[in-house]
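Coordinate inspection notes
Read off the chains here:
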Amino acid sequence: MSAPALTPAVRQAQDYLAAVEHDLADLPVDDRSALLEDLALHLEALTAEDDDRPVAVRLGAPAAYAADLRAAAGLPARGGSGAPGLRTRWDALLESPVYRRAVPAVRGAGRLLADLRPAWWVLRGYLVVLVPCLLGYDYVEDVPVPAPMHSHLLGVLLVLAAVTGSVLLGRRKVPQALGVTIAAAGVLLVLASAAVAVGVYDDLRGKVYAEAWAPGPEVPSETHPLLSRYGPVTDVLPYAADGTPLKGVLLYDQDGRPLHVGVQEWWADGCLRRLEQPRATDGVPVPNSFPQSYELVPGDVGATGARMSPGICVKDLTRPTVPLPVFPATAATPAR
Amino acid sequence: MDASQLLKGVLDVAVLAVVRDEDGYGYDVVRRLRAAGLEDVGDASVYGTLRRLFQAGALTSYVVPSDEGPHRKYYAINDRGRSVLEDSTKTWRTFADTVDGLLGPVAA
């Protein structure tokens, strides 16, 4: 025995009831069941009437009917009770003017990211080989071409193989679980690269500082031809016996050769200066004339080329205070 | 003027007035309201109002089985409902008189 076939009107009424039930799904059970029971009886009565109009025409759209029911029964509107749910807030966000204005930009960014995926496949293949190489002490030789086991050829081959594998993997359709794993591995790779980059940067900076603060050269060079026990001599400050600072003093060594010193590059105020040695009448600089003459580079430029705050760079630096020996007042050049 | 907004404000008293005279089931109340002149009253609004008045204790309900068609859930007014209707009637009369006074005599 089969169930009686549903007439279109009955099916329509059932669909209508189901649609309203869906819209009342968030109500307490007793409210919902009471309202639906009334509606079911109402639909049954309507179906029995000799009226060909569809139910949705006679009663209005199911959503509107459910909304009217809620309003008249003093029940909260859909999603309107208490704190808004995540779904409601998400819908509100999607409908907000800010989001609508941002939609083109978001879509553009999405397309750009999709276009950049092949570049990421190549990059991750390179990073997979590079990052382990940078962990070694001799990382300098690994940039830009990694040199595992000190072999750039091996590095090139490994990078090519890794990039090829990465691109092939990227172009393949993979199950969702594997895709999530690959994405997670990609994030880890990026984090590891960032950590290694920071480590390399710190190491390099440490080396630069160590070099900058290292003692001067131990043997004379073209840059620092005159050495003292404290390091390179970059200027000589002559004084008369009575303590008067002298200028334009010509100094020679024991063999009559002019004394040359290195160029002073460090100044207390950190400002850039250039050497302006006195010139002979023929225009040739006299490098053994002391003290050396330095001129402040105009424009408040720091020694590193950075711009200095106005007022910091001082044109005339004072000589350091030095303890001078006191000679006897009658002292004369002893006769030999 | 949009009568549906006015209707929302007086639907409680209208429904109570309908069932005061005689118990009625949902569709019956709808039809009697329309027959009384409230043609625009919506089915859902009436059913929602019945539910709210029932929840508020102003109405009772009972089911009447039917051999020919679906059983019917009747609503009946109780003492609380009658008291609410009485208060609402006074409020409505005062309100209607006030608005009538504001509007002035009906133009000939």
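Given the structure is predicted, the values throughout are model-derived calculations rather than measurements.

This part covers the overall build of chain B. Looking only at helices and strands, chain B has four helices and three strands in total. Of the regular secondary structure in chain B, the N- to C-terminal order runs α-β-α-α-β-β-α. Of all 108 residues assigned to chain B, the portion counted as buried reaches 31%. Of the contacts formed within chain B by residues at least 6 apart in sequence, a portion of 52% connects residues at least 24 apart.

Residue and element names in this part refer to chain B. One open sheet holds the three strands; their spatial order is S1-S3-S2, and the pairing between them is antiparallel. Each edge of the open sheet carries a strand with a single partner, namely strand S1 (24–25) and strand S2 (59–64). Its contacts with the sheet place helix H1 (residues 3–21) against S1, S2 and strand S3 (72–77), and it is angled at close to 95° to S3.

Residues and elements named next belong to chain B. The contact between H1 and helix H4 (residues 79–103) brings their axes to 10 Å, and the two run at 125°. Judged by the angle between their axes, H1 and H4 are oblique. In this structure, H1 meets H4 at a crossing whose hand is left-handed. Of H4, the residues touching H1 (which contributes Val-10, Asp-12, Val-13, Leu-16, Ala-17 and Arg-20) are Gly-81, Arg-82, Val-84, Leu-85, Ser-88, Thr-89 and Trp-92.

Here we come to unusual backbone geometry. Residues and elements named next belong to chain A. Between Val-143 and the following residue, Pro-144, the backbone shows a cis peptide bond with an omega angle of 0°. Relative to the helices and strands, Pro-144 is located in the loop between helix H6 (97–134) and helix H7 (152–171). Cis rather than trans, the peptide bond between Phe-290 and Pro-291 has omega equal to -5°. Secondary-structure assignment places Pro-291 in the loop between strand S5 (289–290) and strand S6 (294–296). Notably, Met-149 is not glycine yet its phi reads approximately 55°, a positive angle. Overall, the presence of 8 C-beta atoms within 10 Å leaves Met-149 in the exposed class.

Moving on to the environment of Trp-266 of chain A. Looking at where Trp-266 of chain A falls in the secondary structure, it is placed in the loop between strand S3 (249–250) and strand S4 (273–275). Taking the C-alpha atoms as reference points, Trp-266 of chain A and Thr-234 of chain A, separated by 32 residues in sequence, lie 9.8 Å from one another.

Taken together, the 18 residues of chain A in the interface contact 16 residues of chain B. Only helix H2 (29–48) and helix H4 (62–73) of chain A provide two or more residues apiece to the side of chain A that touches chain B. A class-by-class count of the residues in the side of chain A that touches chain B yields twelve nonpolar, two polar and four charged.

What follows deals with the pairing of S3 of chain B. All names here are of chain B. Bridge count for S1 against S3 is two bridges, and the pairing is antiparallel. Directly across from Gly-24, in S3, lies its bridge partner Tyr-75. As paired strands, S2 and S3 are joined by six bridges and run antiparallel to one another. Following the sheet pairing, Ser-61 is matched in S3 by Tyr-75.

In this section: the environment of Ser-61 of chain B. Residues and elements named next belong to chain B. Summarising the element assignment, Ser-61 is placed in strand S2. Considering only alpha carbons, one finds Ser-61 and Ile-77, 16 residues apart in sequence, at a separation of 8.8 Å. In contact with Ser-61, not counting residues within four places along its chain, are Phe-54, Lys-73, Tyr-74 and Tyr-75.

Looking only at helix H2 (residues 26–35) of chain B, the buried set comprises Gly-26, Tyr-27, Val-29, Val-30 and Leu-33 of chain B. Projected down its long axis, H2 of chain B carries its buried residues within an arc of 160°, all on one side. Summarising the contacts, the buried residues of H2 of chain B are in contact with H2 of chain A together with H1, S1, helix H3 (43–55) and S3 of chain B. A positive phi of about 120° marks Gly-37 of chain B, the residue just after H2 of chain B.

Here we take up the confidence of the model for chain A. Chain-level statistics for chain A give a pLDDT mean of 83 and a share of 90% at 70 or above. Confidence, read as mean pLDDT per element, is least for helix H5 (residues 86–95) of chain A in chain A (67) and greatest for S3 of chain A (93).

This next bit is on the nonpolar core. Formed by 40 residues in total, the largest nonpolar core has its most connected members in Leu-69 of chain A together with Val-15, Leu-16, Val-19, Val-29, Val-46 and Leu-50 of chain B. Among all residues touching Val-46 of chain B, those that are not within four sequence positions of it are Val-15, Gly-26, Val-29, Val-30, Leu-33 and Val-41 of chain B. By size, the runner-up hydrophobic cluster in this structure holds seven residues, among which are Leu-127, Val-128, Val-129 and Cys-133 of chain A.

Rules used throughout
- Residues numbered from 1 in each chain as written.
- Chains lettered and ligands numbered in written order.
- Predicted model: local features only at pLDDT ≥ 70, side-chain atom pairs only at ≥ 80, totals over all residues.
- Helix = DSSP H or I, 4+ residues; strand = E, 2+ residues; numbered from the N terminus.
- Buried ≥ 20, exposed ≤ 12 C-beta atoms within 10 Å, placed from the backbone.
- Contact = placed C-beta atoms within 7 Å.
- Pairing = 2+ DSSP bridges.
- Axes fitted to C-alpha atoms, helices over the stretch in contact; angles between N-to-C directions.
- Parallel < 35°, antiparallel > 145°, perpendicular 65-115°, else oblique.
- Left-handed = near helix turned anticlockwise from the far one by under 90°.
- Nonpolar A, V, L, I, M, F, W, Y, C, P; charged D, E, K, R; others polar.
- Arc of directions from axis to C-beta.
- pLDDT = per-residue confidence, 0-100.
- Core = buried A, V, L, I, M, F, W, Y, C linked by C-beta atoms within 7 Å.

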